[in-house]
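Observations on the three-dimensional arrangement
Spelled out, the chains give:
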Amino acid sequence: MKRAMGLSRIGADCLGTSFAGKNISIQHRSWILVCLFLGMFACLAVFSGASFAQVGPEVKTPEEKGPAAPREEPSPEVPERVEVKPVTRDHEIRERLNDILEATGWFMDLEVRVEDGVVFLEGGTETDDHKEWAADLARRTQDVTAVVNKIEVVEPSVWDFEPALAGLREQWRDVMRGLPFVAFGLLILAVAWGMARLIAITTRRSLGRRQVAPLLRDVIARGAGLVVLLAGLYVVFRVAGLTTIALTVIGGTGLLGIILGIAFRDITENLLASVFLSIQNPFGDGDLIEIAGVTGYVQRMTIRTTILMTLDGNHVQIPNATVYKSTIRNFSSNPNRREDFTVGIGYDDAIPAAQEVALRVLAEHPAVLKSPEPWVLVDGLGKSTVNLRVYFWLDGSRHSWLKVKSSVIRLVKRAFQSAGISMPDEARELIFPRGVPVRLVEPEAVKKEEAAAPHPEYQIPEEPATVTTGAEGGLRSEEGEIREQARHSRTPEGGENLLKPMDTTRKDRP
């Protein structure tokens, strides 16, 4: 190349010198320049071919090539060009292509022929991609002028189980490779489960020493154990490389709680209400309470309902959510109970005298408490009566307020009649649509009839002066009978009783 450039410079200098000494026309000068440049390019071509022939392809020894790469399955992508030798013969091309195609294992009954640079491919394969790959490979091989691809795509037999067996073998290899992870995951889960149980037991005992409600203690202990178990499950997924699944499990736990809370709203509400009721303890086992208009003795409280035995001997189940949101009247929390009733006396009767008569009855009654003291108060003025309201207290744990109230009303009525205190009925307006016949009588005749007729004296009805009657059946509380009925009756709902047992050492119990 350098020599050609030198010759071109020398030729140009000579041409310039010759042009300077002679008078040559412009047309002849142009032809001379063209010939000079053509000669320069010819020299460049000769020197370039000689240099390439001397250098030749670079050949490395096995030591220079380095260690052989591991054999891999051929990729469907073909190289840009396959180099064999600078000048390749037909048999070399055939051998090279045949070795490459047989190494893939994709072809059956393969036959490669090369004639004057034309490659003929024959045989069979399973896919069109393999057929096209063979043609592209031959087409990019050095000194190949054309490719005749006669490879046929062979449809696999319906009874060919080789793909299925290959899949099973691959699955088996995956299982064997995953056994260490499975063993490690089981170990982590076993440790997490043991720690969860240990933490749950420790939490339950710790809360038990603090007198926490049984249901709340159980919920907190299980919640702490569940947190530890979820942490172990998260570690297992992280070790297995399933970080996304681990985060999904952790996030899905909260999402699942929300979904379940919406789907089972009533059940969740009753469960939370039972937790709060067991914490607050508004009533105990065996207490007489009134909830939502239902009065009865408490039998048990489960995570869903509170069961009462009514005074009629019936079991009533009230959802805990209703119990928690309703007004609760506990008659057993304070054994003393006040009862009252109204009695009307005539306007002609003295109110203080009637009050004294009623107070005397209350003072002599054995079931009425002296403290708090009873009252007899004027409640209002009716159409034909002065209404008195009688208040008195009784021990509800020993006496039945229904029986005591009946006895007091009966005795007050008898005392008023004995004292001559009238108890008139309310005035009524009577309407006679057809009128009332009237007969005129002489006053003297009326006087004679009244004198002749006997005058019967007012007789007080005979009533027993005893505190109780056979109909009232005594004043004793019926709690013992109802409790006995509850022991012999079937429990309407199973489950652990979340209420504290009744204190049988209380003196106010019958």
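What you are looking at is a predicted structure, and each value in this text was computed from that prediction instead of being measured.

Attention now moves to the overall build of the protein chain. Helix and strand counts for the protein chain come out as 14 helices and 11 strands. Taken over 510 residues, the protein chain has a buried fraction of 28%. Sequence separation of 24 or more characterises 67% of the internal contacts of the protein chain that already satisfy a separation of 6 or more. Here the protein chain displays about 34600 Å² of accessible surface, and carbon together with sulfur accounts for 59% of that area.

The subject of this paragraph is the packing of aromatic side chains. Applying the stated rule across the entire model yields five aromatic pairs. Positioned over the ring face of F120 is R113, at 4.6 Å from the centre of the ring. Positioned above the aromatic ring of F331 is the side chain of R337, whose terminal nitrogen or guanidinium carbon lies 4.5 Å from the ring centre.

This brings us to helix α4 (residues 90-104). If you check α4, its first and last C-alpha atoms are 22 Å apart, about what 15 residues at 1.5 Å a residue would give, namely 21 Å. When α4 is considered as a whole, its buried residues turn out to be E92, I93, L97, N98, I100, L101 and T104. Taken together, the buried residues of α4 touch β1 (107-115), β2 (118-125) and α5 (128-139). With its phi angle positive at about 75 degrees, G105 sits one or two positions after the end of α4.

Let us look at unusual backbone geometry. Following S371, the chain continues into P372 via a peptide bond in cis, with omega recorded as 0 degrees. Unusually for a residue other than glycine, D116 sits at a positive phi of about 55 degrees. For D116, the position within the fold is in the loop between β1 and β2. Residue D116 is classed as exposed on the basis of its relative accessible area of 71%.

Looking now at the nonpolar core. With 31 residues, the main nonpolar core has I345, L362, F392, V404, V408, V412 and F416 as its most contacted residues. Mapped onto this core, the elements with two or more residues apiece are β9 (336-345), α11 (351-364), β11 (386-395), α12 (401-418) and α14 (479-488). Ignoring sequence-local partners within four residues, the contact set of V404 consists of H365, A367, F392, L394, H399 and L475. Listed in part, the 17 residues of the second largest apolar core include L97, V114, A134 and I151.

For the rest of this paragraph, the subject is the packing of α4 against α5. Close contact between α4 and α5 brings their axes to 11 Å; oriented N to C, the two are set at 155 degrees. Considered as vectors, α4 and α5 are oriented roughly antiparallel to each other. In the packing of α4 onto α5, the handedness of the crossing is right-handed. Contacts between α4 and α5 involve L97, I100, L101 and T104 from the first element and W133, A134, L137 and A138 from the second.

Let's shift gears to the pairing of strand β3 (residues 146-153). Of the pairings in the sheet, the one linking β2 to β3 comprises eight bridges and is parallel in character. Along β3, the bridge assignment pairs F120 with V148.

Below, the discussion takes up the pattern of salt bridges. Scanning all chains against the criterion turns up 13 salt bridges. Residue R173 is joined to E170 by a salt bridge in which the shortest nitrogen-to-oxygen separation is 2.4 Å. You can see R173 and its partner E170 sitting in helix α6 (residues 162-209), three residues apart, about one turn around the helix. Classification of E170 as partly exposed rests on a relative accessible area of 33%. Salt-bridge contacts for E170 lead to R177; the nearest nitrogen and oxygen are separated by 3.8 Å. Through salt bridges with shared partners, one network takes in E111, R113, E115, E122 and K150.

Another aspect to go through is the environment of R398. As for its position among the elements, R398 is in the loop between β11 and α12. When the C-alpha atoms of R398 and N336 are compared, they prove to be 9.6 Å apart, with 62 residues separating the residues in sequence. Setting aside residues no more than four positions away along its own chain, R398 makes contact with L475, R476 and S477.

Attention now goes to the sheet that holds strand β8 (residues 328-330). The antiparallel open sheet is built from five strands, whose spatial order is β7-β6-β5-β4-β8. A strand with exactly one partner marks an edge of an open sheet, and here the two such strands are β7 (315-319) and β8. The sheet shows a mean angle of 40 degrees between the axes of neighbouring strands, direction not considered. One ladder, built from five bridges, connects strand β6 (residues 305-310) with β7; its direction is antiparallel.

Moving on, we come to the packing of α11 against α12. Each pair of packed helices can be described by the angle between their axes along with the distance between the axes. It is at 9 Å that the axes of α11 and α12 come closest, and there the two elements cross at 135 degrees. Classed by the angle they form, the pair α11 and α12 counts as oblique. Crossing hand, α11 versus α12: right-handed. In this structure, α11 contributes A354, V357, A358, V361 and L362 to the contact, and α12 contributes V408, L411, V412, A415 and F416. Here the residues of the contact of α11 with α12 sort into 10 nonpolar, no polar and no charged.

Its 48 residues place the ends of α6 68 Å apart at the C-alpha level, agreeing with the 70 Å of an ideal helix rising 1.5 Å per residue. Bending of α6 peaks at approximately 40 degrees at the position of G178, with proline P180 no more than four residues after it. Residues of α6 that are buried: G185, A192, A196, A200, T203 and L207.

Turning our attention to the sheet that holds β9. A sheet is described by the order of its strands in space; here three strands give the open sequence β9-β11-β10, paired in antiparallel fashion. At either margin of the open sheet sits one strand with a lone partner, and together these are β9 and β10 (375-381). Averaged over all adjacent pairs, the angle separating strand axes in this sheet is 25 degrees, with direction ignored. Inspection of the sheet shows β9 paired to β11 by 10 bridges, in the antiparallel sense. Within β11, the residue paired with N336 across the bridge is D395. Contacts from α11 reach β9, β10 and β11, with the element oriented near 140 degrees to β10. The strands touched by α12 within the sheet are β9 and β11, with β9 carrying the most contacts at an inclination of about 30 degrees.

Conventions we followed
- Residues numbered from 1 in each chain as written.
- Predicted model: local features only at pLDDT ≥ 70, side-chain atom pairs only at ≥ 80, totals over all residues.
- Heavy atoms only, no water.
- Helix = DSSP H or I, 4+ residues; strand = E, 2+ residues; numbered from the N terminus.
- Buried < 20%, exposed > 50% of the residue type's maximum accessible area, 1.4 Å probe, protein only.
- Contact = heavy atoms within 4.5 Å.
- Areas by Shrake-Rupley, 256 points an atom, 1.4 Å probe, with all protein chains shown as cover.
- Phe/Tyr/Trp six-rings, centres within 6.5 Å; stacked < 30°, edge-to-face > 60°.
- Lys NZ or Arg CZ within 6 Å of the ring centre and 35° of its normal.
- Expected span 1.5 Å × (residues − 1).
- Core = buried A, V, L, I, M, F, W, Y, C linked by side-chain atoms within 4.5 Å.
- Axes fitted to C-alpha atoms, helices over the stretch in contact; angles between N-to-C directions.
- Parallel < 35°, antiparallel > 145°, perpendicular 65-115°, else oblique.
- Left-handed = near helix turned anticlockwise from the far one by under 90°.
- Pairing = 2+ DSSP bridges.
- Salt bridge = Lys/Arg side-chain N within 4 Å of Asp/Glu carboxyl O.
- Nonpolar A, V, L, I, M, F, W, Y, C, P; charged D, E, K, R; others polar.
- Bend = angle between axes of the 7 residues up to and from the residue.

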